[in-house]
Amino acid sequence: MRVEKTMTETLTRLPHIDYFKQTAGKIMKQEMKAPVILSLDISNFKYFNQMYGYDAGDKLIERCVCRYCHMNSDCVLAGRVYVDHIIMLIEMGHRDVNDLEIEYDTLNRQFGDEVNQEFPLARVRMYMGAYVVEDLDDDINNMIDKAQYARRSIKTDYSKTIAMFTTDMAMRASQQASVLPMFFSALESGRIKVYIQPKFSIDEQKLIGGEALSRIVDADGNIVSPSVYIDMLENTGLISRLDNYVIMKVIELQKEWMNNGYELTTISMNLSKMDFWKTGFIRRIDDAIRMSGVPAKYFEFELTETIFCENLTEITRQIDFLRERGYKISMDDFGSGYNSLYMLGKIPVDIIKFDRGFVLNSLSVDSGRKIMKNLMNTFKDIQFEVICEGIESREEERIVHECGCNAVQGYLHDKPLPYEVFEDKYMKTRSCEPHSARSCCNC
Ligand code: C2E
Ligand code: MG
Ligand code: MG
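Scoring rules and cut-offs
Along each chain, the written sequence defines residue order, and numbers are assigned to residues from 1. All chains are assigned letters beginning at A, and all ligands numbers beginning at 1, according to the order in which they are written. With the structure being a predicted model, the display of local features is reserved for residues of pLDDT at least 70 and the display and counting of side-chain atom pairs for 80 or more, all residues being used for whole-chain, interface and lining totals. Calculation of side-chain values draws on the structure's entire complement of heavy atoms; hydrogens and water are dropped beforehand. The nonpolar core is taken to be a set of buried Ala, Val, Leu, Ile, Met, Phe, Trp, Tyr and Cys residues, with the residues joined through side-chain atoms within 4.5 Å. Think of it in three bands: residues with accessible area under 20% of the maximum for their type are buried, residues over 50% are exposed, and the middle band is partly exposed, with areas taken using a 1.4 Å probe on protein chains only. The contact definition used throughout considers only heavy atoms, calling two residues in contact when any of these lie within 4.5 Å. When at least one non-hydrogen atom of a residue lies within 4 Å of a molecule or strand, that residue is treated as near it. We call two N or O atoms a polar contact when they sit within 3.5 Å, provided that within protein one can donate a hydrogen and the other can accept it, with sequence-adjacent residues counted only if both atoms are side-chain atoms. Here, Shrake-Rupley sampling with a 1.4 Å probe gives the accessible areas, and only protein chains in the shown set may cover a residue. By the criteria applied, helices consist of DSSP H or I runs no shorter than four residues and strands consist of E runs no shorter than two, each listed in order from the N terminus. We call Asp, Glu, Lys and Arg charged. Ala, Val, Leu, Ile, Met, Phe, Trp, Tyr, Cys and Pro are nonpolar, and the rest, Gly among them, are polar. Space inside and on the surface of the protein is sampled on a 1 Å grid over the protein atoms alone, with a cavity defined as a set of points where a 1.4 Å probe fits but cannot get out and a pocket as an open set with protein on both sides within 12 Å along at least 5 of 7 lines; lining residues have an atom within 4 Å of a point. Grid points are joined across faces, edges and corners, and a volume is the space filled by probe spheres set on the points. Note on donors: an N, O or S atom is included if it sits within 2.8 Å of the metal, or within 3.2 Å for Na, K and Ca, and water is never included, so sites can look incomplete. When a carboxyl oxygen of Asp or Glu lies within 4 Å of a side-chain nitrogen of Lys or Arg, that pair is called a salt bridge.

(A) A look at the nonpolar core. Formed by 80 residues in total, the largest nonpolar core has its most connected members in Leu271, Phe301, Ile352, Phe354, Cys388 and Val400. Discounting chain neighbours no more than four positions away, the residues touching Ile352 are Met331, Phe334, Leu344, Phe379, Phe384, Glu385, Val386 and Ile387. Core analysis: the next-biggest nonpolar cluster, separate from the first, contains 33 residues, Leu38, Leu40, Leu60 and Phe111 among them.

(B) Local environment of the site of ligand 1. Near ligand 1, the surroundings consist of 24 residues, among which Glu211, Arg215, Asp243, Glu392 and Tyr411 are the closest. Here Asp243 contributes a side-chain N or O atom positioned 2.6 Å from a nitrogen atom of ligand 1. Protein contact buries 80% of the 800 Å² of open area that ligand 1 shows by itself. Contributions of two or more residues to the shell around ligand 1 are made by strand S7 (206-217), helix H8 (226-236), helix H9 (239-259) and strand S11 (328-334). The residue inventory of the shell around ligand 1, partitioned by class, reads nine nonpolar, six polar and nine charged.

(C) Seen up close, the layout of surface pockets. If you add up the space inside the second largest pocket, you get close to 320 Å³. Every residue lining the second largest pocket is counted, 18 residues in all, and those nearest its centre are Ile208, Glu300, Ile351, Glu385 and Ala407. Elements supplying a minimum of two residues to the lining of the second largest pocket: S7 and strand S13 (385-389).

(D) Up close: the coordination of the magnesium ion (ligand 3). Coordination of the magnesium ion (ligand 3) by the protein involves Asp332 (OD), Asp333 (OD), Glu389 (OE) and Glu389 (OE), with metal-donor separations of 2.1 to 2.7 Å. Of note, the donors binding the magnesium ion (ligand 3) are all from one chain and are spaced D-D-x55-E. Between the magnesium ion (ligand 3) and the magnesium ion (ligand 2) the interatomic distance amounts to 4.0 Å, and Asp332 serves as a bridging ligand to the pair. On the criterion of sequence distance, the pair formed by Asp333 in strand S11 and Glu389 in strand S13 is long-range, its members being 56 residues apart.

(E) The arrangement of the coordination of the magnesium ion (ligand 2) in detail. At 2.0 to 2.3 Å from the magnesium ion (ligand 2) lie its protein donor atoms, namely Glu211 (OE), Asn270 (OD1), Glu302 (OE) and Asp332 (OD). Within one chain, the residues serving as donors to the magnesium ion (ligand 2) are arranged as E-x58-N-x31-E-x29-D. Residue Asn270 is classed as partly exposed on the basis of its relative accessible area of 26%. A residue is classified by how much of its surface remains accessible, and Glu302, at 1% relative accessible area, is buried.

(F) Quick peek at the pattern of salt bridges. The final tally for this structure, using the stated rule, is 31 salt bridges. Put simply, Arg151 and Asp41 hold a salt bridge, and the shortest N to O gap is 3.5 Å. Highlighted residues: Arg151 in helix H5 (residues 140-152) and Asp41 in strand S1 (residues 35-43), separated in sequence by 110 residues. Just as Arg151 is buried, Asp41 falls in that class too. Arg325 is the salt-bridge partner of Asp286, the closest N and O atoms lying 2.8 Å from each other. Of this pair, Asp286 sits in helix H11 (residues 281-292) while Arg325 sits in the loop between helix H12 (312-324) and S11, and the two are 39 residues apart along the sequence. A relative accessible area of 32% means that Arg325 is categorised as partly exposed. Each of Lys199, Glu211, Glu300, Glu302, Lys353 and Glu389 takes part in a single network of salt bridges with overlapping partners.

See below:
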């Protein structure tokens, strides 16, 4: 990699990112065969620093830059965006995209393994996004955005270390740019739909609850999936307005079902970190539920472990309040990230929801099944309930059952259904007559 010395940072000997942006376009046009922009990140770098100190962190960055940039003959130019995030311009040459993906996947895994062997407590992971430049006249910022977009798409998908920017992603990116106007307009005109996905007991093959999930209907009537809007709403704090909408709708439905004399079932709702920082949010939910007259046991709140990354004490206080009131709390997406076991000791929850990714990993190898079985036994020992998410086949259901799980949610039983469909299919058949509606739902 060539670069004038005066333009480089001292730690990494990489050019400043501004220099990268000024020069990359020119270099691509003048002398490159199939230029590619790579965005590389070290996940868990923050923990690495905390556990091994900042000097070791600096050395890791140096080592990474050396391997990926200085010693890499593909690398034409590179720059550091922030601490552990590097942008590179590489040449694909005559290779095809698949070859490139395999080569860099191998490099990421080898480098990650080396580091983890030496520093086993931090579990770093090298992961990257790649954009094969199509239009050399495009703005360099757009090109970098595309590589970063691809990288972020696998941030929590631990089975991958590299993602190529695809046309599908281009479509999603443009959808995301229109998320906020779409959200506000949907909120105003009631085009946010609540879907409910049933949860089943394996032994009895019977409904044991449901999870409320949102969908936005855009102005043309298309159903927009949460993967398009949740991140953006979380980043802007607007997620609380969505959560509030979904929760109020669930309260209204439960009340209606109770008044209709249906035997109620517990419906869970997703909460976000923001909800705990909005003054009075949790109390207002509790007030609304109490006003509805529907017993608290028919409401459950799902939280992901990332909620607990900051200010554990304050969040724990609010969760304790919810549990005291009789609501169930579940830990969502268990096993989709690191630190789960460590966090679990500190968090007051009732139910652990195993993520589909964890289930799949556990099913593919014998040792995975053993781990799952032991984990489930331990959880049940300490009075946690367990449920597996994303169960798509009888075989998957059979295996998680063998591991000790008796509750599942997944396409095998049903996809998330518009609430009216859920009502027709599941609630109407659960009438408790001849009791009166109110005494019925307390049964
Ligand atoms: P989640 O809470 O973990 O919800 C489960 C997701 O898994 C749902 O995706 C569901 O459709 C999907 N799923 C269910 N069964 C299967 C299966 O058998 N196979 C596979 N591959 N997937 C399955 P969905 O509805 O797209 O929601 C994605 C995420 O968006 C949810 O994950 C939740 O974290 C978030 N979300 C959705 N609605 C809301 C909301 O109103 N508020 C908040 N805060 N988050 C929401
Ligand atoms: Mg959930
Ligand atoms: Mg989940």
